[in-house]
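Chain by chain, the residues:
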Amino acid sequence: MRVLFVQQDHVSPTGPVGEAFAAHGYDIQEFLVVPEEHFHAPSVTVDFPDPCEFDAVVPMGAPWSVYDHDRIGTWVRAEIDFLRGAHHAGVPVLGICFGGQALAAALGGAVIPAERPEVGWTVVESDRPDLVPSGPWFQWHGDRWVLPEGVTAIARTDLAEQAFVVGRS
């Protein structure tokens, strides 16, 4: 089994999530979107792989916003298309932070600035503690998603939804 971790930048390691996939027998593949030398000017051209070559896709966090096309350039649109293709092909997508926001956008939702940033340990309420346990979770984001029709939020703070499920994603 193969899982592709989409790392938006050079400072977003797979960490404990990668370790958990490895412990379940997955071969970890990493795909770096913005190389270190382009970190401060992240408008790069990216050719994403075929998502059907993987058994799961995990897009990770980023210091940028999904809607900041002027700063990031065209790769965010390419990533959104890549995630949409993965989801529609039945390849499970586990979006983390920016990756979750990009998945929401790929499915017809939107990403917008939050009323205020969530930084630090924040109480998260969960409808599905088997997937996302309730309790304090470390947050570091200033954006939130607006989910499309048919997508179910399963965890939230007083400021924004924190997790959703749709199909196998």
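Use the structure listed above.
Everything quoted here is computed from the prediction, not taken from an experiment.

### A few points about the side chain of Glu 118
Right, on to step 1. Along the chain, Glu 118 falls in strand 4 (residues 110-126).
Right, on to step 2. In this structure, Glu 118 is buried with no salt-bridge partner, the nearest side chain bearing the opposite charge being Arg 116 at 5.7 Å.
Right, on to step 3. A distance of 2.6 Å separates polar atoms of two side chains, one belonging to Glu 118 and the other to Thr 157.
Right, on to step 4. Separated by 3.0 Å, the side chains of Glu 118 and Gln 162 make a polar contact.
Right, on to step 5. Excluding its chain neighbours within four sequence positions, the residues that come into contact with Glu 118 are Gln 139, Trp 140, His 141, Thr 157, Asp 158, Leu 159 and Gln 162.

### Quick look at the environment of Pro 133
Right, on to step 1. Among the structural elements, Pro 133 can be located in the loop between strand 4 and strand 5 (135-146).
Right, on to step 2. Sequence separation of Pro 133 and Asp 143 is 10 residues, and the distance between their C-alpha atoms is 22 Å.

### Observations concerning the side chain of Ser 12
Right, on to step 1. Checked against the element boundaries, Ser 12 lands in the loop between strand 1 (2-7) and helix 1 (15-23).
Right, on to step 2. Within polar-contact distance, the side chain of Ser 12 engages the side chain of Asp 9 at 2.7 Å.
Right, on to step 3. Here Ser 12 is in contact with Gln 7 and Gly 61, once residues within four sequence places are set aside.

### Quick notes on a nonpolar patch on the surface
Right, on to step 1. On the surface, Val 119, Trp 121, Phe 138 and Trp 140 cluster together into a nonpolar patch covering about 560 Å² of accessible area.
Right, on to step 2. Contributions of two or more residues to the nonpolar patch are made by strand 4 and strand 5.
Right, on to step 3. Inspection of the secondary structure assignment puts Phe 138 in strand 5.

### Some points on the sheet that holds strand 6 (residues 152-156)
Right, on to step 1. If you walk across this open sheet you meet the four strands as 5-4-6-7, and the pairing is antiparallel. Of all the strands in the sheet, just strand 5 and strand 7 (161-165) have a single pairing partner and so form its edges. Here the average twist between neighbouring strands, direction ignored, is 35°.
Right, on to step 2. Summarising the sheet, strand 6 and strand 7 pair through four bridges and their orientation is antiparallel. Its bridge partner lying in strand 7, Ala 153 is registered against Phe 164.
Right, on to step 3. Each of strand 4, strand 5 and strand 7 touches helix 4 (residues 98-106); the most contacted strand, strand 5, lies at about 40° to it.

### Things to note about the pattern of salt bridges
Right, on to step 1. On inspection of all chains with the given rule, the structure shows four salt bridges.
Right, on to step 2. Arg 116 is paired through a salt bridge with Asp 158; the nearest N and O atoms lie 3.6 Å apart. Of this pair, Arg 116 sits in strand 4 while Asp 158 sits in the loop between strand 6 and strand 7; the two residues are 42 residues apart in sequence, bridging distant segments of the chain.
Right, on to step 3. According to the relative accessible area criterion, Arg 116 is partly exposed, its value standing at 42%.
Right, on to step 4. Take Asp 158: its relative accessible area is 70%, and that puts it in the exposed class.
Right, on to step 5. For the salt bridge of Arg 156 with Asp 127, the shortest nitrogen-to-oxygen distance reads 2.9 Å. Of this pair, Arg 156 sits in strand 6 while Asp 127 is found in the loop between strand 4 and strand 5, placing the two residues 29 residues apart along the sequence.
Right, on to step 6. Residue classification places Arg 156 among the partly exposed positions, given a relative accessible area of 26%.

Rules behind the numbers
- Residues numbered from 1 in each chain as written.
- Predicted model: local features only at pLDDT ≥ 70, side-chain atom pairs only at ≥ 80, totals over all residues.
- Heavy atoms only, no water.
- Helix = DSSP H or I, 4+ residues; strand = E, 2+ residues; numbered from the N terminus.
- Buried < 20%, exposed > 50% of the residue type's maximum accessible area, 1.4 Å probe, protein only.
- Lys, Arg positive; Asp, Glu negative; His and termini not counted.
- Salt bridge = Lys/Arg side-chain N within 4 Å of Asp/Glu carboxyl O.
- Polar contact = N/O pair within 3.5 Å; in protein donor to acceptor, adjacent residues only side chain to side chain.
- Contact = heavy atoms within 4.5 Å.
- Patch = residues over 30% accessible without salt bridge, like charges linked within 9 Å, V, L, I, M, F, W, Y side chains within 5 Å.
- Areas by Shrake-Rupley, 256 points an atom, 1.4 Å probe, with all protein chains shown as cover.
- Pairing = 2+ DSSP bridges.
- Axes fitted to C-alpha atoms, helices over the stretch in contact; angles between N-to-C directions.

Any functional reading would require information beyond the geometric quantities listed.
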